Amino acid sequence: MQDATGTGAEADVALNLVTGNIRLSILWTQEMQLSPEDAEQVARALQQAAAESRRMAAAPKPES
């Protein structure tokens, strides 16, 4: 997602497949303004990452 004011700031959501932690990066700034549609996209991405992280945590661990 990109800043609604045209500053070039970007947001990114990613899931670390090793740790299950979710990363929310805001690039090029400490603040950004989102359109309602982009705010919903960020919210959906965070919810999807959280659900996947929970699935990973609940999955049986392979035996060593």
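Bear in mind that the values here come from a model prediction, so they are computed numbers and not experimental data. (Residues numbered from 1 in each chain as written. Predicted model: local features only at pLDDT ≥ 70, side-chain atom pairs only at ≥ 80, totals over all residues. Heavy atoms only, no water.)

Sorry if this is basic, but what is going on with the pairing of strand β1 (residues 10–15) here?
Each regular strand carries side chains that alternate between the two faces of the sheet. As paired strands, β1 and strand β2 (residues 22–27) are joined by 6 bridges and run antiparallel to one another. Paired with E10 across the two strands is L27, which belongs to β2. Between β1 and β2, which pair antiparallel one after the other, the connecting turn spans 6 residues, and G20 there sits at a positive phi close to 80°. (Pairing = 2+ DSSP bridges. Helix = DSSP H or I, 4+ residues; strand = E, 2+ residues; numbered from the N terminus.)

What am I meant to see in the pattern of salt bridges here?
If charged atoms from side chains of opposite charge come close, those side chains can pair. All told, the structure shown has 2 salt bridges when counted by the stated rule. With a closest N to O distance of 3.2 Å, D12 and R23 form a salt bridge. Of this pair, D12 sits in strand β1 while R23 sits in strand β2, and the two are 11 residues apart along the sequence. R55 is paired through a salt bridge with E52; the nearest N and O atoms lie 2.8 Å apart. One end of the pair, R55, and the other, E52, are both in helix α1 (residues 36–58), 3 residues apart, so they sit about a helical turn from each other. (Salt bridge = Lys/Arg side-chain N within 4 Å of Asp/Glu carboxyl O.)

Explanation requested: the environment of A49 in the structure shown.
Assignment of secondary structure puts A49 in helix α1. Considering only alpha carbons, one finds A49 and R23, 26 residues apart in sequence, at a separation of 9.1 Å. In contact with A49, other than residues within four places in its own chain, are V13, L15 and I22. (Contact = heavy atoms within 4.5 Å.)

Is there a simple way to explain the confidence of the model for the protein in this structure?
In the predicted model, the protein carries a mean pLDDT of 90, and 98% of its residues have values of at least 70. The weakest mean pLDDT in the protein belongs to β2 at 90; the strongest belongs to α1 at 94. (pLDDT = per-residue confidence, 0-100.)

Teacher, can you tell me more about the side chain of S53 here?
By the secondary structure assignment, S53 is in helix α1. Setting aside anything within four residues of it in sequence, one finds S53 in contact with L15, G20 and I22.

Help me understand the environment of A4, please; the structure alone is not making it clear to me.
Here A4 shows up in the segment before β1. Residues A4 and M56 lie 52 residues apart in sequence; the distance between their C-alpha atoms is 34 Å.

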